[in-house]
Amino acid sequence: MLAYIVRRVWQMVPTLFGVMLLLFVLFNWVGGDPSYILAGKNLSAEALAGIRQQLGLDLPLPQQFLIFMRQVLTLDFGTSWSTQQPVSALLHSRIGPSLLLTGSILLLGTVLAIAIAALVAYLRGSVTDRLVTLIATCAMSVSALVYIIAGQYWLAFKGGWFPIMGWSDSTLDNLLHYLPLPLLLGVIVGLAPDIRFYRSCFVEELGHDYVRTARAKGLSEPVIMLKHVLRNAMIPVVTSLMMSLPYLMMGAMLLETFFGIPGMGKEVVMAVERSDFPVIKAITIYIALATMLFNLLTDIVYKLIDPRVQLH
Amino acid sequence: MNPTPPLLSVRKLRVSFRDEHGHGAEAVKGISFDIPAGKTVALVGESGSGKSVTAMAITRLLPEHGCHIAADSEILFDGRNLLTASRRELRRLRGGDIAMVFQEPMSSLNPVYSVGEQIIETLMLHTRVGRKAAYQRAVALLKEVGLPTPDRKMSSYPHQLSGGQQQRVMIAMAIACEPKLLIADEPTTALDVTIQQQILQLLAGLQKKHGMAVLFISHDLELVGQFADEVVVMHHGSIHEHAPVQQIFEAPQDPYTKALLRCRPHLAQRPARLPVIKDFLGDSCYFEPPQRQRGYQADDRVILEVQGLCVDYHSRHGWFGGRHSQRAVDEVSFTLMRGRTLGIVGESGCGKSTLGLALMRLQQASVGRVLFEGEDMLALTPRQLRDYKRRIQIVFQNPYASLNPRFSVAQILTEPMLLHGIGCDAEERLQLAGDWLEHVGLPRKALAKYPHEFSGGQRQRIAIARCLTMHPEILICDESVSALDVSVQAQVLNLLQALQDELGLSYLFISHDLAVVKHLSDQVLVMQHGRCVELADADTLYAAPQHPYTRQLLDAIPQGWPHCIKPRVA
Amino acid sequence: MPHTSTTPPAAQHHHNSLTRIGWRRLRRDRIGFSALCIVGAYLLLALAAWSGLVASHWQDEVAHPYAPPTLFAGAAPHHVELNAADIDAADRRATSAAALDSSGATGLSASEDPLAADLAAAQQQSAQYRSTEQARADSLPLGADQRGRDVLQKLLQGSATSLQVGIAGALLALTIGTVLGALSGYFGGLLDDLLMWGYSVFTSVPDMLLLLAFAAVSGRGIGTVVLVMAFTSWTGTFRLMRAEFLKHKGREYVRAADAIGAGHGRRMFHHILPNVSHLLLVQFSMLTVALIKYEAILSFLGFGVGVTQVSWGAMLAEAPAELLQGYWWQMLAVTLCMSLLVTAFSLLSDSLRDALDPKVK
């Protein structure tokens, strides 16, 4: 197992290199000369040259790439162009709120979706099943934006049940006061597609031969569902959980922006607005690393669920 | 008549399936039969005969949607009508009094639970035992079904066992609660012949020992002849004949039964043409055709010579993982004479199909030479190979997979001609395609149809016609008749024989079925683990097999009544 | 598929290709066919709007600011006539009060804003136009927005933009994904390693982040958005097609094609591609939905279509501030319009999946 993990971590190197290359091509080549953005109105030649020198933009591209690589390896991305804060310090303060929000959405959303999907798959073909599927299809079609705008307006602004926005330094205060509404909206946005997908996983598993064997043994339907089908269906479910991370990240980004939660998502939006390249690059590297680690974790979870999986 | 009532009696069972537009198709058309306690009844029929549907109806495992059982049907088990039993009652019977063994052991076991857990589950469900007692009992059961090291097998997962072992586990699970009736639905079809014989012996022994009744479902009349007390022959949803096994084999009454018995090739005979069902259904009497002599003759010319052919499979693990290679074909050599047939037999995984693919360079060979009239095919450049490719063609096993489902028959047949520049324009090619289609026994108007509109046998004819359009000299038949029902198999074998006589084709006939190989082959090559273990004239090999593996294979061929299995279970 | 619809079904009764069977099955599926009709209607509308037949005057200020929908003319909150500066000021107050508007958080003050001068000029220009205006309507079928533009016209134009972005992006992404996936799955080996490396690079960064990163370096406008979306969403198709080509290249019908002498290109695109085309159709339909949603979010955040264009996302961006003042119609109209299309597309995906599945006969 340890050897496997070491090998997998080693295999991340080319991927990380690829992400760096992609970012470098994007921001140092496609993105053009950022000194125009930084110089603002002072477009004098000296000012531009000064900025270029400061950023190392006058160096040849391979050398610039080496500098970027050193930044990634030391996780030191210099200072933000807009706030002049060190990027790493900025991001470290942003990770906590993001993790709290996305983690709680992931946990609550998955548990709810699996429970509902299993129930609906068990009742497949019934009125309840069709109704839930139809509602889920319609609910999926509404943009996440609408849920958030409407939720914030009616539940917080009109209803007054939740604070409209905000975040505090105390985790307890956040959990009790500021988190519930973003959490609720995040779960609602993710629930419909998850239910639909998990239901199809369960229904597909129900068509397999081993389910017939379980019935021939005389097991009751609930036992078949909860013991035999659930564990097999977890294999695609875990895959989709991993795949849903990007969407979660997107949802969290909107939620953070709307509710003023100082997380990575909000930071990204602001950085893109201000063309703050170092911050975007740093966040992308961080998230890519996290995604790769999460992939590794998923493979290990596979091993726990499915004895056929061989880690090599 | 039997004074005691039968254990199970099926009365006027009628099952129909509705497709998506509500058209009903009757799969079982009002059949009735009994299973006496402690006896083995075999349900025999070709695909679509309704035999499996009957078995599923008994245990009420048919899908709930789209399937309808007529109201006046009855299935009485110990006097209770199963068709009206409550779910609760059914659950108690299933796995308890009525147990089932299915065709595909791999998919029938839950892949994520250990073998022991799955047996213990059944035991704890139907008998009042604790987990510890159930564990002990499960080990005893695994021992009873002949698994080596049953203690360790308890914690194995299904994928860690071989097909035969998986089926033994399924049987252990089925007999766990001492059922009165065991339903075995084609339990050996997915297994190799030697394993099939072992499983059959196991079932026969267990049946005697536990005094169960067995409903044995199979497509193979010879197989059930060794094992059953009574045989029920089904065709198109109705029963054609129901008689004790001796009568079925010695004095069959129904023409369909007669045909089933005769159209399968036998080891003892080699008629010039196999009888087909039509021969028995008409009024005219069936006349035995003359026997055919086989074997390479002194004046035969060599068309293909294979020398020391090896094929390796490489697998890699990840970017930095090591390479693994496995030898699938190991130093195989043989010669094929013009106009003759070389049979290649072996069990699954012995490398016989890989050998066929390597000869056509569809699979890269590692070492060796394939001399086609003296020219080494393996050394040719792709450009030079093109012309040789036309002269050596292949017919695959699965008629449902070997035709492109998006192409019409016309497209399928004209594409090879187009690629090899046969025929000067599209019109002529279409004309030629129609000719070939008629040659293989299909009407010309079939050109406009698509593969899914044909039966398995017809598709195999189309696949043969596709090869013939290129005027090949060698035809490789890779299990080409194995997926077909026996009656269709006879027709396709007759077609192959007729084509060889007419066009002088040379065949490489690859199959796991020794009887079929004997029927068609002049020489036979026996393969095991990628190696050639025996190569001899067909008659010599079958009469006096030299290698123990060949003898083992020959012993495993089902011989039908009266070669009854003598139970060897203690 | 449309060409099959024109052939008379009776003439084709006996010899049915799988495509034709699938089409007929779709025709029989009431939900699927209705969904297809709805999607078709949207496409027609979008074409009409794009070619200028309808909604070409969506930028005209034809009604009073925030004129209510005709049906709710009485019940809607009353709007006080203000001049442009007042509205801007009120807007800013509302925004800073509730900070609902995300784009308000840019933190750029007017002195830093390099576009301030241009904007002022543009406002003066628009003020000139405003002086020559015609009589303004008190209510419109779907109401009016802050500047008195017709929401219906904006909606039509926005639908055209969103559909155009979704479909063009999906087609481009599908093409990239299919070609690369086919090469990777069919040939394997070093090429597969290389393409899989590219795949792992692109999938290790979440779509939305990648979209934003691309958006940060590229300009605005429909063309850019389409390109950016295609570059970030080809991975799903790649994965699917790679697996399919890997599976199909070992199938007997492809081996048979090899045996009769068909070359690699012919096997890949003449034999295998038609057999996976039904998956591509489903993938296209799902991808279009995803991209339409992405476009809405991108435009909402201000990184999407340009300022002179309107899309559903751009319209939703105006919603938070309007909602605060009680003007709900623009948001409702966009939500319904978008939901209908997305629902239809989703149902169509489901129906296509069932209807085109070659395993079901």
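Calculation criteria
Throughout this document, residue positions are counted from 1 along each chain, in the order its sequence is written. Each chain takes a letter, starting from A, and each ligand takes a number, starting from 1, following the order in which they are written. For this predicted model, a pLDDT threshold of at least 70 governs which residues receive local features, and a threshold of 80 or more governs which side-chain atom pairs are given and counted, while totals over whole chains, interfaces and linings are taken from all residues. Hydrogen atoms and water are omitted, and side-chain values are computed over all heavy atoms in the structure. UniProt positions are given in the numbering used here, feature names are shortened, and annotations may be inferred rather than shown by experiment. Pairing between two strands requires that DSSP report at least two bridges joining them. Helix numbers and strand numbers start at the N terminus; a helix is a DSSP run of H or I with at least 4 residues, a strand a run of E with at least 2. Convention adopted: a line fitted to C-alpha atoms gives each axis, helices being fitted over their contacting stretch, and angles between N-to-C directions are expressed from 0 to 180 degrees. Note on definitions: a residue-residue contact is assigned when non-hydrogen atoms from the two residues lie within 4.5 Å. The buried label applies to any residue whose accessible area, calculated with a 1.4 Å probe on protein chains only, is under 20% of its type's maximum; exposed applies above 50%, and partly exposed to all values in between. Orient the strands so they point away from the viewer; a crossover is then right-handed if the path from the first strand over the helix to the second runs clockwise. Throughout this description, the term salt bridge denotes a Lys or Arg side-chain nitrogen within 4 Å of a carboxyl oxygen of Asp or Glu. In protein, a polar contact requires one atom able to donate a hydrogen and another able to accept it; more generally it is a pair of N or O atoms within 3.5 Å, and residues adjacent in sequence count only if both atoms are side-chain atoms. Here the term charged refers only to Asp, Glu, Lys and Arg, the term nonpolar to Ala, Val, Leu, Ile, Met, Phe, Trp, Tyr, Cys and Pro, and the term polar to all other amino acids, Gly among them. Each domain's extent was defined by an automatic or database domain assignment. Summed over both partners, the accessible surface that disappears when two parts come together, traced with a 1.4 Å probe, is what is meant by buried area. The term nonpolar core refers to a set of buried residues drawn from Ala, Val, Leu, Ile, Met, Phe, Trp, Tyr and Cys, joined through side-chain atoms within 4.5 Å. Working definition: a ring pair exists when centres of Phe, Tyr or Trp rings (six-membered ring for Trp) sit within 6.5 Å. Plane angles under 30 degrees give stacked, over 60 give edge-to-face, the rest tilted. Any angle that falls under 35 degrees is termed roughly parallel, while one over 145 is termed roughly antiparallel, one within 65 to 115 roughly perpendicular, and all others oblique. Throughout, a crossing is termed right-handed when the near helix is turned clockwise from the far one, and left-handed when it is turned anticlockwise from it by less than a right angle.

Going by the annotation in an unreviewed UniProt entry, the name recorded for chain B is Peptide/nickel transport system ATP-binding protein, with Vogesella indigofera given as the source organism. Quoted verbatim from the Sequence similarities (unreviewed entry) heading of the UniProt record, the comment on chain B is "Belongs to the ABC transporter superfamily."

Naming follows an unreviewed UniProt entry, where chain A appears as Peptide/nickel transport system permease protein of Vogesella indigofera. UniProt lists a comment for chain A under the heading Subcellular location (unreviewed entry), and it reads "Cell membrane".

A. Representation of the sheet that holds strand β17 (residues 392-395) of chain B. Residue and element names in this part refer to chain B. Pairing is mixed across the open sheet formed by six strands, whose spatial order is β17-β18-β19-β14-β20-β21. A strand with exactly one partner marks an edge of an open sheet, and here the two such strands are β17 and β21 (531-537). Neighbour to neighbour, the strand axes of the sheet diverge by 15° on average, direction disregarded. Bridging between strand β18 (residues 474-478) and strand β19 (residues 506-511) involves five bridges; their strand directions are parallel. Counterpart to Ile 474 in the pairing with β19 is Ser 506. Helix α13 (residues 352-359) contacts β14 (341-345), β17, β18, β19 and β20 (523-528) of the sheet and is inclined by roughly 150° relative to β19. Packed on one face of the sheet, helix α17 (residues 456-468) meets β17 and β18 and runs near 170° to β17.

B. Looking closely at the pairing of strand β9 (residues 213-218) of chain B. All names here are of chain B. Counting buried positions along β9 gives six out of six residues, so the element sits mostly inside the fold. The alternating pattern of β9 places Ala 213, Leu 215 and Ile 217 and Val 214, Phe 216 and Ser 218 on opposite faces, both of which are buried. With five bridges connecting them, strand β3 (residues 40-44) and β9 associate as parallel partners. Paired with Val 41 across the two strands is Leu 215, which belongs to β9. Relative to β9, strand β8 (residues 181-185) runs parallel, the two sharing five bridges. Considered in β9, the bridge of Asp 185 is made with Ile 217. In this fold, β8 hands off to helix α8 (residues 193-210), which returns the chain to β9; that crossover is right-handed.

C. Local environment of the interface of chain C and chain A. At the interface, 49 residues of chain C touch 52 residues of chain A. At the boundary of chain C and chain A, one finds one salt bridge. The salt bridge partner of Arg196(A) is Asp350(C), with a shortest N-O separation of 2.9 Å. Across the contact surface, chain C and chain A share seven residue pairs in polar contact (both at pLDDT 80 or more). Those elements that provide at least two residues to the side of chain C that touches chain A are α7 (189-203), α8 (207-217), α11 (264-301), α13 (319-324) and α14 (329-356) of chain C. Looking at the side of chain C that touches chain A residue by residue, the classes come out as 33 nonpolar, eleven polar and five charged.

D. Summary view of the pattern of salt bridges. One pass over the structure, following the stated rule, counts 44 salt bridges over all chains. Its salt-bridge partner being Arg212(A), residue Asp209(A) comes within 4.0 Å of it at the nearest N-O pair. Here Arg212(A) and Asp209(A) lie together in helix α10 (residues 209-217), a separation of three residues that amounts to about one turn. A residue is classified by how much of its surface remains accessible, and Arg212(A), at 23% relative accessible area, is partly exposed. Measuring nitrogen to oxygen at the nearest pair gives 2.8 Å for the salt bridge that ties Glu473(B) to Arg391(B). On the criterion of sequence distance, the pair formed by Glu473(B) in the loop between α17 and β18 and Arg391(B) in helix α14 (residues 382-391) is long-range, its members being 82 residues apart. Summarising the burial analysis for this pair, Glu473(B) and Arg391(B) share the class buried. Linked through salt bridges whose partners overlap, the residues forming this network are Lys217(A), Lys227(A), Glu117(B), Glu121(B) and Arg131(B).

E. Expanded view of the domain arrangement of chain A. Residues and elements named next belong to chain A. Domain assignment breaks chain A into domain 1 (1-74) and domain 2 (88-305). If you average the C-alpha positions of domain 1 and of domain 2, the two centres end up 32 Å apart. Taken together, the contact between domain 1 and domain 2 spans 17 residues of the former and 14 residues of the latter. A combined buried area of about 1,500 Å² lies between domain 1 and domain 2, and 85% of that area is made up of carbon and sulfur atoms. Three residues stand out in domain 1 for area buried against domain 2, namely Arg 8, Met 12 and Phe 27, and they jointly supply 35% of the buried area on that side.

F. Main features of the domain arrangement of chain B. Taken as a whole, chain B is organised into domain 1 (98-176) and domain 2 (304-315 + 323-555). The distance between the C-alpha centroids of domain 1 of chain B and domain 2 of chain B comes to 40 Å.

G. Highlighting the sheet that holds β9(B). Residues and elements named next belong to chain B. Pairing is mixed across the open sheet formed by six strands, whose spatial order is β7-β8-β9-β3-β10-β11. Since the sheet does not close on itself, it has two edges, and those belong to β7 (98-101) and β11 (238-244), each with one partner. Across this sheet, the average inter-strand angle for adjacent strands is 15°, counted without regard to direction. Contacts between helix α7 (residues 163-175) and the sheet are confined to β7 and β8, with β7 contributing the most and set at about 175° to the helix.

H. Main features of the UniProt feature "transmembrane region" (unreviewed entry) in chain A. Residues and elements named next belong to chain A. According to UniProt, the positions carrying the feature "transmembrane region" (unreviewed entry) are residues 12-31, 99-122, 134-155, 175-192, 233-259 and 279-302. In residues 99-122, the share of helix is 100% and the share of strand is 0%. The end C-alpha atoms are 34 Å apart. The span residues 175-192 is 94% helical and 0% strand by assignment, and the distance between its end C-alpha atoms comes to 24 Å.

I. Layout of the nonpolar core. Within the largest apolar cluster, 150 residues are counted, with the highest numbers of intra-cluster contacts made by Ile119(B), Leu181(B), Leu215(B) and Val231(B). Lining this core are residues from two domains, each supplying at least three of them: domain 1 (98-176) and domain 2 (304-315 + 323-555) of chain B. Among residues more than four places away in sequence, those in contact with Val231(B) are Ala42(B), Val44(B), Leu221(B), Val224(B), Glu241(B), His242(B), Ala243(B), Val245(B) and Ile248(B). If you look at the next biggest cluster of nonpolar residues, it comprises 146 residues, including Val72(A), Leu255(A), Val269(A) and Val205(C).

J. Fine view of the packing of aromatic side chains. In the structure shown here, the tally under the stated rule is 19 aromatic pairs over all chains. Aromatic side chains Phe216(B) and Phe227(B) sit 5.1 Å apart centroid to centroid with 80° between the ring planes, which places their arrangement in the edge-to-face category. Here Phe216(B) is found in strand β9, whereas its partner Phe227(B) is found in the loop between α9 (221-225) and β10 (230-235), with eleven residues between them in sequence. With a centroid separation of 5.7 Å and 75° between ring planes, the pair formed by Phe372(B) and Tyr388(B) is classed as edge-to-face. Note that Phe372(B) is positioned in strand β15 (residues 367-372) and Tyr388(B) in helix α14, a separation of 16 residues in sequence. Comparing Phe372(B) with Tyr388(B), the two get one shared label, buried. Through a chain of ring-to-ring contacts, three or more aromatic side chains come together here, namely Tyr199(C), Phe202(C), Trp234(C) and Phe238(C).

K. Representation of the packing of helix α3 (residues 30-50) of chain C against α14(C) in the model. Residue and element names in this part refer to chain C. For the pair α3 and α14, the least separation of the axes is 8 Å and the interaxial angle reads 135°. The orientation of α3 relative to α14 falls into the category oblique. In this structure, the crossing between α3 and α14 has a hand that is left-handed. Counting all contacts with α3, which are made through Ile 31, Gly 32, Ala 35, Leu 36, Ile 38, Val 39 and Tyr 42, the residues of α14 involved are Cys 337, Leu 340, Leu 341, Ala 344, Phe 345, Leu 347, Leu 348 and Ser 351. Of the residues belonging to the contact of α3 with α14, the class tally is 13 nonpolar, two polar and no charged.

L. Layout of the interface of chain B and chain C. If you look at the interface, chain B gives 34 residues, while chain C gives 31 residues. Roughly 2,900 Å² is buried in total at the junction of chain B and chain C, and carbon and sulfur atoms are behind 54% of that figure. There are two salt bridges connecting chain B and chain C. Lys389(B) is the partner of Asp258(C) in a salt bridge, and the nearest nitrogen-oxygen pair spans 2.7 Å. The interface formed by chain B and chain C holds eleven residue pairs in polar contact (both at pLDDT 80 or more) in total. Only α14, β17 and α15 (409-420) of chain B provide two or more residues apiece to the side of chain B that touches chain C. Per-element accounting of the side of chain B that touches chain C gives the leading share, five residues, to α15(B). Looking at the side of chain B that touches chain C, its residues break down into 16 nonpolar, nine polar and nine charged.

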